Amino acid sequence: IRYPSAAYGFLGFRLQDAAGRRHPMLGNRDIRRALAMGVDRQLLASGIFGPGTVAPPGPMSQLLWINSRDIHVLPFDTVAAAALLDSLGWTRGDDGVRRLAGRRLSFDILVPGTSVARRDLAQVLQQAWTPLGVDVTITAVDFPVFNQRLAEGAFDSYIGAWLDEPSPRGLADQWTRGGWGKLNYGRYDNPAFDRLFARAILAGDTASAGPLYRAAMDTLNADAPALFLYAPMQTAGVARRIEAVTINPYSWLSGLSGWQAGPRR
């Protein structure tokens, strides 16, 4: 039985530190936008996680009710990505890596060493950005160290994954200014996004909240504080004689009482 997972995965950028000092490269919105346009997210998602996996239009699984094709995402366009970096003054050196005022366009991706999938994602991103003239390194650490470095802001970027709640309200801790010191490790901060998100939370029904949440996602994607890489499918193996199986992706055991055991085959 295949069913959508309640998880989504992403590469998050560190935009600034706790004191508000911008990252020398990733704090620049146009650089992040160029990096986002340099990645074929759908090809990456299905290539690593298999059929049914999608590149989500924001920080959401396939289950979250605000998920919509109407959410605007940056296109996969390597020509536009290269042109944007050119316009910022980042020129290629003899080694193919871009430089500006003697600084290399280089950053690191932090991953937990226990996750093969996240290391694979980091390597594919590294390969995708090399033709753009971006020098990317990958650092794999034990999971407790990974979490500690995220909390301390001791990273350039990282591969993360979150489980959705049934309500999008939980995204506040991950992407609003109020999430600093919680789960907003990259310290993304856009008052326009926060206002739209707060209005969506206060809306009286989903018909009113939906357009506000989607407008907030449009704002988030335009800033590119992260690349939303995958929203996978799950596969459950079920004995053939077990009938009436339904699976709630948020809690697969919750429907167990309705399953029925048919005759042995």
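Up top is the structure these notes are about.
This one's a predicted model, so the numbers in the text were calculated from it and none came from an experiment.

A. Main features of the sheet that holds strand S3 (residues 91–92). The strand order S3-S4-S5 describes an open sheet built from three strands, whose pairing is antiparallel. Every interior strand has two partners, whereas the edge strands, S3 and strand S5 (103–104), have only one. In the sheet, S3 pairs with strand S4 (residues 98–100) via two bridges, with the strands oriented antiparallel. In the sheet register, Arg92 faces S4, and the bridge partner there is Arg98.

B. How the structure looks around a nonpolar patch on the surface. A cluster of nonpolar side chains, contributed by Trp252, Leu253 and Leu256, occupies part of the molecular surface with about 320 Å² of accessible area. Mapped onto the elements, Trp252 comes out in the loop between strand S11 (242–243) and strand S12 (260–261).

C. A look at the side chain of Gln174. Structurally, Gln174 is set in helix H6 (residues 172–175). A distance of 2.4 Å separates polar atoms of two side chains, one belonging to Gln174 and the other to Tyr8. Setting aside chain neighbours within four positions, we find Gln174 in contact with Tyr8, Trp162, Leu183 and Asn184.

D. Geometry of the nonpolar core. Counting residues in each nonpolar core, the largest one holds 65 residues, and the members touching the most others are Ile109, Leu125 and Trp129. The dominant element in this core, judged by the number of residues it contributes, is helix H8 (residues 206–223), at six residues.

E. Representation of the packing of helix H7 (residues 191–202) against H8 in the model. Here H7 crosses H8 at 160°, and the two axes come no closer than 8 Å. When the axis of H7 is compared with that of H8, the two are roughly antiparallel. As H7 packs across H8, the resulting crossing turns out to be left-handed. Only Ala209, Leu212, Tyr213, Ala215, Ala216, Met217, Thr219 and Leu220 of H8 make contact with H7, whose side of the interface consists of Phe193, Leu196, Phe197, Arg199, Ala200 and Ile201. When its residues are assigned to classes, the contact of H7 with H8 shows twelve nonpolar, one polar and one charged.

F. Structural view of the packing of aromatic side chains. Using the criterion set out here, one finds 19 aromatic pairs in the structure. Grouping aromatic residues by their ring pairs yields a cluster made of Tyr8, Phe10, Phe143, Phe146, Phe155, Tyr158, Trp162, Trp175, Tyr185 and Phe228. The aromatic ring of Trp180 is capped on one face by Arg177, whose charged end is 3.6 Å from the ring centroid. The ring of Trp180 has Arg187 sitting right over it, with the charged end atom 6.0 Å from the ring centre.

G. Spotlight on the pattern of salt bridges. Counting across every chain of the model gives eight salt bridges. A salt bridge links Arg104 to Asp135; its shortest N-O distance comes to 2.9 Å. Of the two residues, Arg104 is situated in strand S5 and Asp135 in strand S7 (residues 135–141); the sequence distance between them amounts to 31 residues. Given a relative accessible area of 31%, Arg104 falls into the partly exposed group. Its relative accessible area of 24% is what places Asp135 among the partly exposed residues. One network of salt bridges, in which partners are shared, links Asp95, Arg99, Arg104 and Asp135.

H. Broad picture of the sheet that holds strand S8 (residues 157–163). Strand order across the open sheet formed by five strands is S7-S6-S8-S2-S9, with mixed pairing between neighbours. Looking at which strands have only one partner, the edges of the open sheet turn out to be S7 and strand S9 (226–230). The average undirected angle you get between the axes of adjacent strands in this sheet is 30°. Across four bridges, the pairing between strand S2 (residues 7–13) and S9 is antiparallel. Within the sheet, the bridge partner assigned to Gly12 lies in S9 and is Ala226.

What counts, and at which threshold
Residues numbered from 1 in each chain as written. Predicted model: local features only at pLDDT ≥ 70, side-chain atom pairs only at ≥ 80, totals over all residues. Heavy atoms only, no water. Pairing = 2+ DSSP bridges. Helix = DSSP H or I, 4+ residues; strand = E, 2+ residues; numbered from the N terminus. Patch = residues over 30% accessible without salt bridge, like charges linked within 9 Å, V, L, I, M, F, W, Y side chains within 5 Å. Areas by Shrake-Rupley, 256 points an atom, 1.4 Å probe, with all protein chains shown as cover. Salt bridge = Lys/Arg side-chain N within 4 Å of Asp/Glu carboxyl O. Polar contact = N/O pair within 3.5 Å; in protein donor to acceptor, adjacent residues only side chain to side chain. Contact = heavy atoms within 4.5 Å. Core = buried A, V, L, I, M, F, W, Y, C linked by side-chain atoms within 4.5 Å. Buried < 20%, exposed > 50% of the residue type's maximum accessible area, 1.4 Å probe, protein only. Axes fitted to C-alpha atoms, helices over the stretch in contact; angles between N-to-C directions. Parallel < 35°, antiparallel > 145°, perpendicular 65-115°, else oblique. Left-handed = near helix turned anticlockwise from the far one by under 90°. Nonpolar A, V, L, I, M, F, W, Y, C, P; charged D, E, K, R; others polar. Phe/Tyr/Trp six-rings, centres within 6.5 Å; stacked < 30°, edge-to-face > 60°. Lys NZ or Arg CZ within 6 Å of the ring centre and 35° of its normal.

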